[in-house]
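Take a look at the letters that make up each chain.
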Amino acid sequence: KAEFAKYVKAKNGIVLNPDGAFDVQVKRLHEYKRQHLNALNIMADYLMLLDNPDMDFAPKTYIFAAKAAPGYYLAKQIIKMIWALSEEIRNTPKIKDKLSVVFLENYCVTLSEMLMPASDFSEQISLAGTEASGTGNMKLMLNGAVTIGTLDGANIEIKDAAGDENIIIFGMKTEEVNQRKPHYNPQEIYHHHGIIRACIDRMDHGINGCTFNEIAQSLRTQDPYMVLADFDSYRAAQAYAAQCYADKQRFAKMSLNNIAGAGIFSADRAVTEYAKNIWHL
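Chains are numbered independently. Their residues run from 1 in the order of the written sequence. Per-residue local features of the predicted model are confined to residues with pLDDT of at least 70, and side-chain atom pairs are confined, for both listing and counting, to 80 or more; whole-chain, interface and lining totals are unaffected and use all residues. Hydrogen atoms and water are omitted, and side-chain values are computed over all heavy atoms in the structure.

Caption draft 1: Main features of the pairing of strand S4 (residues 121-124). Classification of residues uses two cut-offs on accessible area relative to the type maximum, computed with a 1.4 Å probe and protein chains only: under 20% is buried, over 50% is exposed, and between them is partly exposed. Strands here are runs of E lasting at least two residues and helices are runs of H or I lasting at least four, both read from the DSSP assignment and numbered beginning at the N terminus. Residue alternation in S4 divides its side chains into two sets, Phe121 and Glu123 and Ser122 and Gln124, and both sets are buried. For strand S1 (residues 21-26) and S4, the ladder comprises two bridges, and the chain directions are parallel. Along S4, the bridge assignment pairs Asp23 with Phe121. Two strands pair when backbone bridges link them, and S4 and strand S5 (residues 146-149) are joined in this way by four bridges, in the parallel orientation. Within the sheet, the bridge partner assigned to Ser122 lies in S5 and is Thr147. When the strands point away from the viewer, a crossover counts as right-handed if the path from the first strand over the helix to the second runs clockwise. In this region the chain leaves S4, passes through helix H5 (residues 136-142) and returns to the parallel neighbour S5; the handedness of that crossover is right-handed. If DSSP finds at least two bridges between two strands, the strands pair.

Spelled out as structure tokens, the structure:
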């Protein structure tokens, strides 16, 4: 973590606090991967700290890195919103030592080689039923990061391999998503949930001088990946993650169990299974 902080300071001029948890979401930027759920939770913490800057709050750094497809307008807006949020928080004196957000540009293998060993938590928060597998979650697990995730993609195998107590699972399961989707009404949640409403309204009013009306409108009226439906469960998972991290012994145990359980994801095992079951070689 100290090495990675040194790199970020040299490259981006941003000072990270290695004593706080490094919560990492690095992957393609796509609405189904729900980087905006992560951002919504950060915004909720930020607004809470603005109201009460002296509250007891364990220091935390959220690290994002992602690339968006060239023509994917909303994905690019989400990148811009996370950047704007990071700038505004960094320029708020009483809060910047407790909460920080970094969006690293040009995500590539070299960057991931430095970032993954420095990660404490691995964000794998796609809507259940949308992620085919994912491999970044395996690489983060191998480096000892504890997954905060939905029961989706390879998170299911990670849970089996690391043990239920060494992963933080939240949100609807695929069956629940399928049941709820036909009559899902995000507008109702927006009107009845004070924290969600405050965060979405903030997107309209401006973050660091930029407005994000399209993201706000999408969440309020369509929310195709049910961000608002999983919000409370995600907040609870983040609170539990902070609790785990505060207990150094417990967190070390969770981390080591992830490293020790990562063997099943080796390429040797995968290729052998393909050779046997699919190619019949």
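Caption draft 2: Up close: the pairing of S5. On S5, burial covers both faces: Val146 and Ile148 on one face and Thr147 and Gly149 on the other are all buried. Bridge count for S5 against strand S6 (residues 168-169) is two bridges, and the pairing is parallel. For Ile148, the partnering residue across the bridge sits in S6 and is Ile168. At this point the chain moves from S5, through helix H6 (residues 155-162), to the parallel S6, and the crossover so formed is right-handed.

Caption draft 3: A look at the environment of Cys199. Among the secondary structure elements, Cys199 is positioned in helix H9 (residues 194-205). Taking the C-alpha atoms as reference points, Cys199 and Lys276, separated by 77 residues in sequence, lie 51 Å from one another. We call two residues in contact when some of their heavy atoms are within 4.5 Å. When residues no more than four places from it in sequence are discounted, the contact partners of Cys199 are Leu40, Met43, Ala44 and Leu47.

Caption draft 4: Focus on helix H1 (residues 2-12). Within the span of H1, buried status applies to Phe4, Ala5 and Val8. For H1, the angular spread of the buried residues around the axis is 100 degrees, confining them to a single face. Pointing more than 90 degrees away from the buried face of H1 are the exposed residues Ala2, Glu3, Lys6, Lys9 and Ala10. Tucked inside the fold, the buried residues of H1 contact S1, strand S2 (60-65), strand S3 (99-104) and helix H4 (109-115). Summarising the geometry, the arc corresponds to the directions from the helix axis toward the C-beta atoms.

Caption draft 5: Structural view of the packing of aromatic side chains. Side-chain rings of Phe, Tyr and Trp, where Trp is taken by its six-membered ring, are said to pair if the distance between their centres is within 6.5 Å; with planes under 30 degrees apart they count as stacked, over 60 as edge-to-face, and otherwise as tilted. Considering all chains together, one arrives at nine aromatic pairs under this definition. Geometrically, the ring pair formed by Phe170 and Tyr234 is tilted, given 5.1 Å between the ring centres and 50 degrees between the ring planes. Taken together, the residues Phe170 in the loop between S6 and helix H7 (174-180) and Tyr234 in helix H11 (residues 227-246) connect sequence positions 64 residues apart. For the pair shown, Phe170 and Tyr234 are each scored as buried. Here, a charge over a ring is recorded when the distance from Lys NZ or Arg CZ to the ring centre is within 6 Å and its angle to the ring normal is within 35 degrees. In this arrangement the basic side chain of Lys248 is found over the ring face of Tyr245, its NZ or CZ atom lying 3.9 Å from the centre.

Caption draft 6: Focus on the environment of His280. Here His280 is to be found in the segment after helix H13 (267-278). His280 gets classed as exposed once you look at its relative accessible area, which sits at 62%. Here His280 is in contact with Tyr274 and Ala275, once residues within four sequence places are set aside. Within polar-contact distance, the side chain of His280 engages the backbone oxygen of Lys276 at 3.3 Å. Distance and chemistry together define a polar contact, namely a pair of N or O atoms within 3.5 Å, with one atom able to donate a hydrogen and the other to accept it when in protein, and with adjacent residues in sequence counting only for side-chain atoms on both sides.

Caption draft 7: Spatial organisation of a nonpolar patch on the surface. Surface patches are drawn from residues lacking salt bridges whose relative accessible area is over 30%; two like charges belong together within 9 Å, two nonpolar side chains (Val, Leu, Ile, Met, Phe, Trp, Tyr) within 5 Å. Working definition of accessibility: Shrake-Rupley area with a 1.4 Å probe, residue cover restricted to the visible protein chains. Just to be clear on terms, a salt bridge is a Lys or Arg side-chain nitrogen sitting within 4 Å of an Asp or Glu carboxyl oxygen. A contiguous nonpolar surface patch, about 590 Å² in accessible area, is contributed by Val271, Tyr274, Ile278, Trp279 and Leu281. Tracing the backbone shows Ile278 in helix H13.

Function-wise, these values are silent; they only describe arrangement.
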